[in-house]
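Residue-level structural notes
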Number of protein chains: 2
Amino acid sequence: MEKMLSPRSIAVVGASDKKGKIGNILVKNLKNKKYTGSIFPINLRHKIIEGLKVHESVLEIKEKVDLAIIALPAFLILPILDDCIAKKIKNIIIISAGFAESGKDGQKRELLIKKIAEENDLNILGPNCLGFINTHKNINASFAKKKVLAGNVGLISQSGAFITGLLDMAKEEDLGFSTIVSLGNKTILDEINFLEYLANDPKTKVIGLYLENIKKGRQFYNTVAKITQKKPVLILKAGNSQKVQKAIMSHTGAMAGEIDVLKKAFEDAGALYFEDIATFWQTLKMFNNHPLPQNNKLVVLTNAGGPGVIITDLIEKKSILDFYNFTNEEKQTIKVTLPGASSVENPIDILGDADSTRYEDSLKELVKIKKIGAVLALITPQAQTDVDNILKVIKKSEDKSSFPIIPILIGAKIKNAFQFPQETVNALEKISEFQAFQKITKKNKKEPLKFDILASAKIRSIVKNAQEEKRNIFFYEESLELMRYYGVNSLKASLIDENFKISKIPKCLVMKIDDPGLLHKMAQGGVKTGIKGTAKFKTNLKKLRKKFKNKKIIIQEQVEKGTEIIIGLKKDSNFGPILLCGIGGILTEIFDEKLLWILPVSKAEIKKDLRKSKLGKIFQKEDLNLDSLVDEIDKVAKIGWQNSWLKELDINPMFFYQGSKKPLAVDIKVKIDNS
Amino acid sequence: MEKMLSPRSIAVVGASDKKGKIGNILVKNLKNKKYTGSIFPINLRHKIIEGLKVHESVLEIKEKVDLAIIALPAFLILPILDDCIAKKIKNIIIISAGFAESGKDGQKRELLIKKIAEENDLNILGPNCLGFINTHKNINASFAKKKVLAGNVGLISQSGAFITGLLDMAKEEDLGFSTIVSLGNKTILDEINFLEYLANDPKTKVIGLYLENIKKGRQFYNTVAKITQKKPVLILKAGNSQKVQKAIMSHTGAMAGEIDVLKKAFEDAGALYFEDIATFWQTLKMFNNHPLPQNNKLVVLTNAGGPGVIITDLIEKKSILDFYNFTNEEKQTIKVTLPGASSVENPIDILGDADSTRYEDSLKELVKIKKIGAVLALITPQAQTDVDNILKVIKKSEDKSSFPIIPILIGAKIKNAFQFPQETVNALEKISEFQAFQKITKKNKKEPLKFDILASAKIRSIVKNAQEEKRNIFFYEESLELMRYYGVNSLKASLIDENFKISKIPKCLVMKIDDPGLLHKMAQGGVKTGIKGTAKFKTNLKKLRKKFKNKKIIIQEQVEKGTEIIIGLKKDSNFGPILLCGIGGILTEIFDEKLLWILPVSKAEIKKDLRKSKLGKIFQKEDLNLDSLVDEIDKVAKIGWQNSWLKELDINPMFFYQGSKKPLAVDIKVKIDNS
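Residues numbered from 1 in each chain as written. Chains lettered and ligands numbered in written order. Predicted model: local features only at pLDDT ≥ 70, side-chain atom pairs only at ≥ 80, totals over all residues. Heavy atoms only, no water.

1. Overview of the relation of the copies chain A and chain B
Selection criterion: Least squares is the method for superposing the copies, and the C-alpha atoms it fits come from residues with pLDDT of at least 70 in both. We call two residues in contact when some of their heavy atoms are within 4.5 Å.
Superposing chain A onto chain B takes a rotation of 180° combined with a translation of 0.0 Å along the rotation axis, leaving an RMSD of 0.2 Å. As the rotation angle and translation indicate, the two copies are arranged about a two-fold axis. Of every C-alpha in chain A, the one belonging to F591(A) sits nearest the axis of rotation, 4.0 Å from it. Both copies share a contact surface, since 100% of the interface residues of chain A are interface residues in chain B too.

2. Re the domain arrangement of chain A
Many analyses report the size of an interface as the accessible area lost when the parts associate. What counts, and what does not: Start and end points for every domain follow an automatic or database-based domain assignment.
Under the domain assignment, chain A is made up of domain 1 (1-128), domain 2 (129-289), domain 3 (291-443) and domain 4 (446-491 + 559-675). Here domain 3 of chain A and domain 4 of chain A have C-alpha centroids that lie 48 Å from each other.

3. Remarks on the nonpolar core
Heads up, the rule is: To form a nonpolar core, buried Ala, Val, Leu, Ile, Met, Phe, Trp, Tyr and Cys residues must be joined to one another through side-chain atoms within 4.5 Å. Exposure is judged per residue with a 1.4 Å probe applied to protein chains only, and the accessible area is read against the type maximum: over 50% gives exposed, under 20% gives buried, and values in between give partly exposed.
By size, the foremost hydrophobic cluster in this structure holds 266 residues, and its most contacted members are I92(A), I93(A), F220(A), I92(B), I93(B) and F220(B). Once residues lying within four places of it in the same chain are set aside, the contact partners of I92(A) are M4(A), L67(A), A68(A), I70(A), L81(A), C84(A), L122(A), N123(A), I124(A) and L125(A). One finds L454(A), M483(A), F656(A) and W597(B) within the second-largest nonpolar core, a separate group that totals 112 residues.

4. Describing the pattern of salt bridges
Residues and elements named next belong to chain A. Note the cut-off: When a carboxyl oxygen of Asp or Glu is within 4 Å of a side-chain nitrogen of Lys or Arg, the pair counts as a salt bridge. What counts as a helix is a DSSP run of H or I of at least four residues, what counts as a strand is a run of E of at least two, and both are numbered from the N terminus.
Evaluation of the coordinates by the stated rule reveals 74 salt bridges over all chains. A salt bridge links D168 to K171; its shortest N-O distance comes to 2.9 Å. Taken together, the positions of D168 and K171, both in helix α5 (residues 160-173) and 3 residues apart, correspond to about one turn of that helix. Classification of D168 as buried rests on a relative accessible area of 7%.

5. A look at the packing of helix α6 (residues 191-200) of chain B against helix α7 (residues 217-227) of chain B
Residues and elements named next belong to chain B. What counts, and what does not: The axes used here are C-alpha line fits, helices contributing only the stretch in contact, and every angle between their N-to-C directions lies in the interval 0 to 180 degrees. Our angle categories are set so that under 35 degrees counts as roughly parallel, over 145 as roughly antiparallel, 65 to 115 as roughly perpendicular, and the remainder as oblique. When the near helix sits turned anticlockwise from the far one by under a right angle, the crossing is termed left-handed; a clockwise turn instead gives a right-handed crossing. The classification used treats Ala, Val, Leu, Ile, Met, Phe, Trp, Tyr, Cys and Pro as nonpolar, Asp, Glu, Lys and Arg as charged, and all other residues, Gly among them, as polar.
Direction vectors running N to C along α6 and α7 enclose 15°, while the axes themselves pass 10 Å from each other. The angle between α6 and α7 places the two elements in the roughly parallel class. Crossing geometry of α6 relative to α7 is assigned as left-handed. Of the residues in α7, those touching α6 at E191, I192, L195, E196 and A199 are Q219, F220, T223, V224 and I227. Across the contact of α6 with α7, the residue classes break down as 6 nonpolar, 2 polar and 2 charged.

6. Examining helix α21 (residues 614-621) of chain A
All names here are of chain A. Rules: This arc describes the spread of directions from the helix axis toward the C-beta atoms. Throughout this description, a polar contact denotes any pair of N or O atoms lying within 3.5 Å of each other; where both atoms belong to protein, one of them has to be capable of donating a hydrogen while the other can accept it, and for residues adjacent in sequence the pair is counted only when both atoms sit in side chains.
What α21 keeps buried is the set L615, G616, I618 and F619. Down the axis of α21, the buried side of the element spans an arc of 160°, and every buried residue falls inside it. A distance of 3.3 Å separates the backbone nitrogen of L615 from a side-chain oxygen at the start of α21, and that oxygen is part of S613.

7. Remarks on the packing of aromatic side chains
All names here are of chain B. The cut-off we apply is this: Working definition: a ring pair exists when centres of Phe, Tyr or Trp rings (six-membered ring for Trp) sit within 6.5 Å. Plane angles under 30 degrees give stacked, over 60 give edge-to-face, the rest tilted.
Evaluation of the coordinates by the stated rule reveals 26 aromatic pairs over all chains. Taken together, a centroid distance of 4.7 Å and an interplanar angle of 25° make the contact between F162 and Y210 stacked. With F162 in helix α5 (residues 160-173) and Y210 in strand β12 (residues 206-211), the pair connects residues that are 48 residues apart, well separated along the chain. Across the pair, Y210 and F162 agree in class, each one buried.

8. Points about the pairing of strand β26 (residues 576-583) of chain B
Residues and elements named next belong to chain B. Applied cut-off: Pairing between strands is defined by DSSP: at least two bridges between them are needed.
With 8 of 8 residues buried, β26 is to be regarded as a mostly interior element. Of the pairings in the sheet, the one linking strand β25 (residues 563-572) to β26 comprises 8 bridges and is antiparallel in character. Bridge pairing in β26 places K570 opposite I578. Hairpin connection of β25 to β26: 3 residues between the antiparallel strands. Pairing geometry for β26 and strand β27 (residues 594-598), over 5 bridges, is antiparallel. Note on β27: the bridge partner recorded for L579 is W597.

9. Regarding the side chain of E110(B)
Residues and elements named next belong to chain B. For clarity, the cut-off: Counted as positive: Lys and Arg. Counted as negative: Asp and Glu. His and the chain ends are not counted at all.
Here E110 shows up in helix α4 (residues 104-120). Lacking a salt bridge, the buried E110 has K215 as its closest oppositely charged neighbour, with an N-O distance of 6.7 Å. The contacts of E110, once residues within four sequence positions are left out, are F99, A100, P127, N185 and T187.

10. Topic: the environment of Q556(A)
Residues and elements named next belong to chain A. With respect to the secondary-structure elements, Q556 resides in strand β24 (residues 552-557). When the C-alpha atoms of Q556 and L491 are compared, they prove to be 7.2 Å apart, with 65 residues separating the residues in sequence. Leave out the neighbours within four places in its chain, and Q556 touches Y476, L491, K492, A493, C508, L509, V510, K512 and V666. Side-chain polar atoms of Q556 contact the backbone oxygen of L491, separated by 3.4 Å. One polar contact links Q556 to K512, side chain to side chain, over a distance of 2.7 Å.

11. Comments concerning the sheet that holds strand β5 (residues 67-70) of chain B
Two orientations exist for strands paired in a sheet by backbone hydrogen bonds: parallel and antiparallel. Residues and elements named next belong to chain B. If you trace the 5 strands from one edge of the open sheet to the other, you get β2-β1-β5-β6-β7, paired in parallel fashion. Every interior strand has two partners, whereas the edge strands, β2 (38-42) and β7 (123-125), have only one. The average angle at which neighbouring strand axes cross in this sheet is 20°, direction not considered. The sheet contact formed by β5 and strand β6 (residues 91-94) spans 4 bridges and is parallel. Residue I69 lies in a different strand from β6, and its bridge partner there is I93. The strands touched by helix α2 (residues 22-30) are β1 (9-13), β2 and β5; relative to β1, the strand with the most contacts, the crossing angle is about 165°.

12. Observations regarding the interface of chain A and chain B
We count it as follows: Values labelled buried area give the accessible surface lost by two parts on being combined, using a 1.4 Å probe and summing over both.
Facing 58 residues of chain A, the contacting portion of chain B comprises 58 residues. Here chain A packs against chain B, burying approximately 4,900 Å² in sum over the two surfaces, 68% of which is carbon and sulfur. Our enumeration of links across chain A and chain B arrives at 2 salt bridges. Close ionic contact of E275(B) with K317(A) constitutes a salt bridge, the shortest N to O distance being 2.3 Å. For the pair chain A and chain B, the number of links is 12 residue pairs in polar contact (both at pLDDT 80 or more). Only α5, β13 (233-237), α10 (277-289), α11 (305-317), α15 (421-439), α19 (587-590) and α21 of chain A provide two or more residues apiece to the side of chain A that touches chain B. Broken down by element, the side of chain A that touches chain B gets its largest block of residues, 8 residues, from α11(A).

13. As for the pairing of strand β10 (residues 150-157) of chain B
Residue and element names in this part refer to chain B. Basically, it comes down to this: We call a crossover right-handed when, viewed with the strands running away from us, the connection from the first strand over the helix to the second turns clockwise.
Taking burial as the measure, the 8 residues of β10 include 6 buried ones, the bulk of the element. As a crossover connection, the stretch from β10 through α5 into strand β11 (residues 177-182) is right-handed. Here β10 runs beside β12; their pairing, made up of 5 bridges, is parallel. Within β12, the residue paired with G154 across the bridge is I207.

Structure follows, in structure tokens:
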């Protein structure tokens, strides 16, 4: 990656002398007085481009070439790759579009390039990308026309336009970058490669990622988890629409959408997740421009009561943020520097006529209070407000301080100041989340998916049998076998077949259709409850047999209701088996409360997460044993880790009871992965 | 109000010739070539200020004076008021600070001014304010130094600094105002007076309010409800901290904080509520700069896939917003104007090389589709993006369109364009809320609080008795009497006194301390449950008597649990009795679900709100009769409307059962308002 991002010689294949052409912008961008390496434009018709000597092919270049940038139409690229291989160029950027993003022909073309790259061990960035910029090495190997300041933000983006947009914003804020990479179609190199580079890049203080998809989930997780022990990683993830998910069988399925799993992975890895550009940008800015807060105890300093109250309301709504409580002594000391009418509570109101001297005087006292986490300095431009000087005074005070002093200017946008209370508080919340993560015990690495071997021959034969019958859902008796093997206490059922004896009927029972095709048996009238006595048994049986011809019918004892919990598993295309737990019964859909773990997970971790959750609070309030819930979830976790054939498992509901009565799984659905 | 805001002659008492002094800025701001009225600076020492003839007192002015602006130290103001009264000046602005906001002396001073104003029928704006600006009459009767463009936003603010901040933002956006009023301490004139003015001001298209407190709740409600049938009213309310509310007795009390009641009032009146300046500002801008959307079906047009997907994700999260579905024919027509690789789904991706012509061509087709609600036109500045032209093309297209076309520039902030997807979607959500409100049946006016007369002599005597005993909480038997009178089916209790007969003991019972001082009797060990048989009865009685000496002890039958609901009342200082309903039992604190009504309220309205709520969904799922809940809530509403002495009522829980079994109030707390 070092040679890719810090090449000492660069060939531009498809260089052009026509202004505005990508092949021309690329050469222009590369030309930089401070870059000491060589630049070789490649073109068949010209001798000189932008004052540089042109070669007809990379093969004609005598020196060693570290990096080739290709900006030719897609269909011309294969022979160029051959040239690069012949010239032993290992690092290649394919700028050109016309690949997987553009239909079937493009997809084929991209697969071919992938094959060639793998066979020849080529590092390819793109295709369909903007290139990269390494400011500290003075290399702009992209066709982004914007001026880029050198700085400490590392940026990796799956969208080139997102980069140009951010550069346009950065220009207004004097915000500088270390390395910017446009990933394009990620045929060979992807976010993981560049994350690993930025992790060790001393110039990079904070990393921003814009991603539309993540393919190597576990590897991505491990890379990010390692980085966040040292640097913050901000992830803006687009494409989280839930529209596609409507056809899912079980609650478990619906509860673990792709983005839910990713959010959990980000959280576990200590990365910060964003849905909008605004907060992503503000947080990036705050990480870059200010030291980290010392703790979550904030002080608000303001020259206007109203905006001071607004930001106080907003801070109070964030559970992770708090206010610093001044001692009486501290209040007195600050008060001395201020006019009589000032209020030295928190917010400190230094009044509407405050000038830069008054800001300076009060900040001087605040800087002495070492237990403050951060100061938010609000400026509302009034008659006596010398905004520019106040901003200077704030910067000077911050330089002398052990905590950040963050200027918020309630008025026209000014460089390096935040503009609105909400955006500032949102960014601070994100930073506090990062700091909170750094304090807790580090999570385990996610090993590559390796399922344990399932010891039960019986279960293996059930799966095989179902597959042979082209069923992807278990019969209830088959699900019970799986539960039995893992020690999940489950409600028995009797099949009403020729061997069924009426003497077996329990006092009060439930009668159900047991059929893989009937996904919503309750809604479809396939369940009858509260059946007492043989007469009712017979009429209900008749009804079900009439409505559902030739389907299996089972009966179960109608048991005492407990607190209803859903426990389940779902195979995620990215992370493998995902373990889930949520509130069951009527509350499931009304209150969207769910917990989710990427396997493997320890019992301690399950318990810790449950304790913080609403589910944990319900268990506490209802005097139920949380450990018993942890035990049952752990059993399901084992099922997930030992059965690679499992697509979905849905225990819904499982009843939990007060006292010593064992939890009971009342209904179980098992779906096989036939993909 | 007309003479106040459009005076034909203005005196400035405390005018000054010293630059930077408020008395000087006021005169300078008033001087405007287009203002045809007279300006009279008042000063004892000078003859000419800013080229205008100076008088020594308002009494010396020969002409009639419509408005006096006073900018003198607070202690000098009383004699000036006398002069104004003598000169028959009815409209006065007191700019000066030093009143209620500044301690006890100031408070006295303000009360005195209030008295004088009321006796002499003076319209006073302030004190402690910035003044007002009426752009269409060319009057800047304020000391805000910012230039203000004439336009259609009416602004009323309780903070002068908030106004200067907003003017600073407006400057950058060419956003114009009709009238701006700084309320100050609201001694005489308040938001209601100016709202009534702006309601009828043809120059005002949208009204923004910044408020820190609202004192005349019902009147405010009625004024706003009338305006929102014609114009949007945006309210930014500061000072919503929940800190003060910790010492409240009941769930009901805690559930109806001041801001909860206000939010409900805003919602009922069709006003839009904001917590932060950013969304307030963006929504104001969108109302001002664009026509209203035709419906909630949006089209996203973008030159960059990533940002298009980001905004799509955000729109999908807002239940009030939706996407327009193109017909195949429409897709074909749009497709013709675009390059082959463009995607005509929603978002429409017109590709990274889109210039203003391509934007224009696709907008031309979109404008023809009359069923679109609004178009969001995203621009990410890339190599071929001619941003200024694209913005012009968008404006031109909107002028020809029946729906708004909203430009969002993902880059450096540009005048009249939104910058981030989230802020745009938030503003659109608010506008859709306003439009949805305008469509529904208009709410009733809130009459001034007039309690109906309570017919029951018995209840009146209970209240009197409690007051005489200096108790502010009912004994359980007293609460039962209130419930009986209103037909609320409640769990009986027997007092264990000298007349108590052991034969009266039910099979299973609950034993409780019944004492006004014991607010949390359960937590304090004053409740024993599940008592069976005389032996247990006696030991528990002994324990309670030992722990709670000389306190009343009652017993109740332990009844079958139903679905637990809280119903209550709370007297709000602003709106009078507030009716509440929420989930009871263990879920109360875990899921913060509550409904709130400002009395009086109809059964139909209660039912409509319940249906939309989680509570309604729980009733549906549990097969409970929602009408029975409406009935019980309605009974409590009557209690609220007939008992002016009531401070809080808390029925917690009330059990609701399936089938025909009547709902049952199990515990009842009644608190008397002794204030």
